[in-house]
Number of protein chains: 2
Amino acid sequence: MTETRWLDEDEQQTWRAFLWTSRLLNEALDRQLQRDSGLPHAYYVILVMLSEAPGRELTMSELARLARSSPSRLSHAVNRLEESGWVRRVKHPGDRRTTFAQLTDEGFEVLAAAAPGHVEAVRQHLFDPLSREQVLELRETLRTVLTTLDRDGESPDLFGSGGGRS
Amino acid sequence: MTETRWLDEDEQQTWRAFLWTSRLLNEALDRQLQRDSGLPHAYYVILVMLSEAPGRELTMSELARLARSSPSRLSHAVNRLEESGWVRRVKHPGDRRTTFAQLTDEGFEVLAAAAPGHVEAVRQHLFDPLSREQVLELRETLRTVLTTLDRDGESPDLFGSGGGRS
DNA sequence: CTTCAAATGTTGAGAGCTCAAGTAACCTCA
DNA sequence: TGAGGTTACTTGAGCTCTCAACATTTGAAG
C-alpha cells in the first residue's frame, strides 16, 4: 500500500474534460437517435456492426466483441431488436452452442434512415469544432489508451493488481 | 435537405476510437467503484462536487450544473444518497423552492475511502499510457469540443435546426 | 467412454436513467 | 393584487444495464 499519487492540475482538468465530453456527447447522440429513430445509441452500433459484416450476420460472441458489449447486454439488446423485427436469431448448424444474429431487411432500412441524422450530429458536435490536425492527434491518443484498456480487459488480474507494484 | 457528408476514413476511425475509449473507461471505473465502494461513478462525481463546495453544500441546481446532470437524474441520485446517509437535503430559508444538498460526515468518509482506488484506476487506464504532451493536447481538444457542446446544450433550437441550413 | 473444464449464450432481479408530467414557490407588471 | 410566466425540484413509468446464476454444448484427459 503506497501513497496515493493524486492527479496534478493538468491531469485533473484533462480528466474532467474527458468525462464531461464523453457524457454530453453520448447524451446528445442518444437523444438525437431516440427522438428521430426510436433506438438508443448502443443499439444503433449493433445494427451498424451487423450491416458491415459479410452476409449481414455475426455470431453473438463476435458481435459482442465488435460492439464492445458484454454477452448479457447484447443478449438483452438482441431480444429487443428481435421484437422490433430488425434482427433475427439463427442457430449455427455445426456448433449448437452458437447463435447468429442477422440484420433483417427492415433493420437495414431503419439503419439507413437513421444514419444521416446521426452522422450529422457527430459532425456537428465533434468534428466541426476541430482542425484536421487535432482529429489525427486525437485518434492517436485514443488508440494508445484503447490498446491498454483492451489489454487490461482481456486478462483481468493474471498477475494480480495488488501484488507486484514494487 | 442536402446530401449527407459521411465521415471520411480518418474521422470514422477517430470517432470509433472515441466511442470505445469512453465506453470502456466508463465501465472500468464503474466496476472498480461499485466493487470497492458500492457506488456508481456518477454518484462518486456528485460526492466530489459537494466535497469541493464551500460548506460542502450546494443547491440542487448548482450541483446539477457542476455534475452535468439533469435535474431529474440528480434528484433520483440524491434520493439514494440520502437513504445511504451520505447526503442530506436542507431547505433554503429564503427561497422555499430551492433545496441544498449537504455532504454528511459519513459521506465524506466514504468519498475519502473511495478516492485513492479511483484515482489509481484513472491513472492506470488513462494517464499511464500517455505522454505529458499528449495529455496537454488532449485537454485542449476536449475543451474545444466541450465548449460547443455546452453552447449547443444551453439554447437548443433558438433558430430551428430544420429551417435555415441553406 | 466418462468426467470435468471451458465456451456460448440466456435469464431475472435490482438499480440507474430518461422522458413527460407534475407541484410549488417566486416574480413581473398592469 | 392577481394572472401568467418562470424557476426549482420531484415523481412515476418504462427501458436499459449490471451482476450473478443458470443451462447447454463442446473439447480434452485419463
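Everything numeric here is computed off the predicted structure, so don't read it as measured data. (Residues numbered from 1 in each chain as written. Chains lettered and ligands numbered in written order. Predicted model: local features only at pLDDT ≥ 70, side-chain atom pairs only at ≥ 80, totals over all residues. Heavy atoms only, no water.)

A. Geometry of the protein's contact with DNA strand C. Residues in close proximity to DNA strand C total 23 residues, the closest being A:Ser61, A:His76, A:Arg89, A:Thr99 and B:Ser72. Within the side chain of A:Ser75, a nitrogen or oxygen atom sits 3.0 Å from a phosphate oxygen of DNA strand C. B:Ser72 places a polar side-chain atom, nitrogen or oxygen, 2.6 Å from a base nitrogen of DNA strand C. Of all the elements in the fold, those that place two or more residues in the surface near DNA strand C are helix H3 (60-66) and helix H4 (71-83) of chain A together with helix H2 (41-52) and helix H4 (71-83) of chain B. Ranked by residue count, the leading element in the surface near DNA strand C is H4(A), at five residues. (Near = heavy atom within 4 Å. Polar contact = N/O pair within 3.5 Å; in protein donor to acceptor, adjacent residues only side chain to side chain. Helix = DSSP H or I, 4+ residues; strand = E, 2+ residues; numbered from the N terminus.)

B. Layout of the relation of the copies chain B and chain A. Of the transformation superimposing chain B on chain A, the axial component is 0.0 Å and the angular component is 180°, with the fit at an RMSD of 0.1 Å. As the rotation angle and translation indicate, the two copies are arranged about a two-fold axis. For chain B, the minimum C-alpha distance to the rotation axis belongs to B:Ser22 and amounts to 3.0 Å. Taken as a fraction of all interface residues of chain B, those also at the interface in chain A reach 100%, which identifies the copy contact as same-surface. (Least-squares fit on C-alpha atoms with pLDDT ≥ 70 in both. Contact = heavy atoms within 4.5 Å.)

C. Spotlight on the interface of chain B and chain A. Across the boundary between the two partners, chain B contributes 64 residues, which contact 64 residues of chain A. Here chain B and chain A share an interface that buries about 6,600 Å² over both sides, 63% of which is from carbon and sulfur atoms. Between A:Asp10 and B:Arg132 there is a salt bridge, with the nearest N and O atoms lying 3.5 Å from each other. At the boundary of chain B and chain A, one finds 23 residue pairs in polar contact (both at pLDDT 80 or more). (Buried area = accessible area lost by both parts, 1.4 Å probe. Salt bridge = Lys/Arg side-chain N within 4 Å of Asp/Glu carboxyl O.)

D. Structural view of the protein's contact with DNA strand D. Around DNA strand D, the structure places 25 residues, and the nearest of them are A:Ser72, B:Ser61, B:His76, B:Arg89 and B:Thr99. Counting only atoms of DNA strand D within 4 Å of the protein, the sugar-phosphate share comes to 75%. In this structure, A:Ser72 approaches DNA strand D through a side-chain N or O atom, which is 2.5 Å from a base nitrogen. B:Ser75 is positioned such that a nitrogen or oxygen atom in its side chain is 2.9 Å from a phosphate oxygen of DNA strand D. Where the surface near DNA strand D is concerned, the elements lending two or more residues are helix H2 (41-52) and H4 of chain A together with helix H1 (9-37), helix H3 (60-66) and H4 of chain B.

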